[in-house]
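# Observations on the three-dimensional arrangement
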Amino acid sequence: IQTAAHCAYNDVLKKFASKAVFIPDQVSTRGDKSNFVSSDDPYGIWYLSFATIAKGWRDGSFPNNVPYDYAYYTVFNNESTHEGGYLRGLTGILEKDVTPMKIDFDT
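Please read these numbers as outputs of a predicted model, since none were measured by experiment. (Residues numbered from 1 in each chain as written. Predicted model: local features only at pLDDT ≥ 70, side-chain atom pairs only at ≥ 80, totals over all residues. Heavy atoms only, no water.)

### A short note on the sheet that holds strand β8 (residues 82-83)
For clarity, the threshold we go by: Paired strands, as defined in this entry, are two strands with at least two bridges between them according to DSSP. Working definition: helices are DSSP H or I runs of at least four residues, strands are E runs of at least two. Numbering for both runs from the N terminus.
If you trace the 3 strands from one edge of the open sheet to the other, you get β4-β5-β8, paired in antiparallel fashion. Every interior strand has two partners, whereas the edge strands, β4 (21-22) and β8, have only one. Relative to strand β5 (residues 45-47), β4 runs antiparallel, the two being bridged by 2 bridges. The residue bridging Phe22 from the neighbouring strand is Trp46, located in β5.

Printed below as a string of structure tokens:
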């Protein structure tokens, strides 16, 4: 999962987020706001395993570290990392349930 480093790591406290989740297509929630009710969201919630950030984000401080404000989360590929979802036929395996967005490193 690609995200911003400030979502994964606090550059002031020098600590990683301890309770990170991925909620694909949360805009289609049945809830009235963002929440942790996995049955409100079409695909449910995946619990994220760990994040990787750029050394420039970790070692720097705002605003000098802004060029390094990117991170990648890993999701272990088994059903235990997934909860809920109101769509039928979900497997709980992220790569089977959600179409990934392509990233082109050549342009």
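Having put the structure on the table, let's press on.
### Side note on unusual backbone geometry
Our working rule: Partly exposed residues are those whose accessible area sits between 20% and 50% of the maximum for their type, while under 20% is buried and over 50% is exposed, using a 1.4 Å probe and protein chains only.
Cis geometry is adopted by the peptide bond preceding Pro63, which originates at Phe62 and carries an omega value of 5°. Within the secondary structure, Pro63 is located in the loop between α2 (55-59) and β7 (71-74). In this model, Lys14 sits at a positive phi of 60°, which is unusual for a non-glycine residue. Inspection of the secondary structure assignment puts Lys14 in the loop between β2 (9-10) and β3 (15-16). Lys14 sits in the partly exposed class, given a relative accessible area of 38%. The backbone phi angle of Asp25 is positive, close to 55°, even though this residue is not glycine. Its place among the elements puts Asp25 in the loop between β4 and β5.

### Quick look at the environment of Ser49
Rule in force here: The contact rule is simple, with two residues in contact once any of their heavy atoms fall within 4.5 Å.
Tracing the backbone through its elements, the reader meets Ser49 in the loop between β5 and β6 (50-53). Distance from Ser49 to Ala20, taken between C-alpha atoms, is 8.2 Å for residues 29 residues apart in sequence. With residues up to four places along the chain from it excluded, the contact list for Ser49 reads Thr74, Val75 and Phe76.

### Brief notes about the side chain of Asp41
Let me state the cut-off plainly: Only four residue types enter the charge count, namely Lys and Arg as positive and Asp and Glu as negative; His and the chain termini do not. Salt bridge, as used here: a side-chain nitrogen of Lys or Arg that lies within 4 Å of a carboxyl oxygen of Asp or Glu.
For Asp41, the position within the fold is in the loop between β4 and β5. Buried charge without a partner: Asp41 forms no salt bridge, and the closest opposite charge is Arg30, 9.0 Å away. Apart from the residues lying within four places of it in its own chain, the contact partners of Asp41 are Ile23, Gln26, Thr29, Gly85 and Tyr86.

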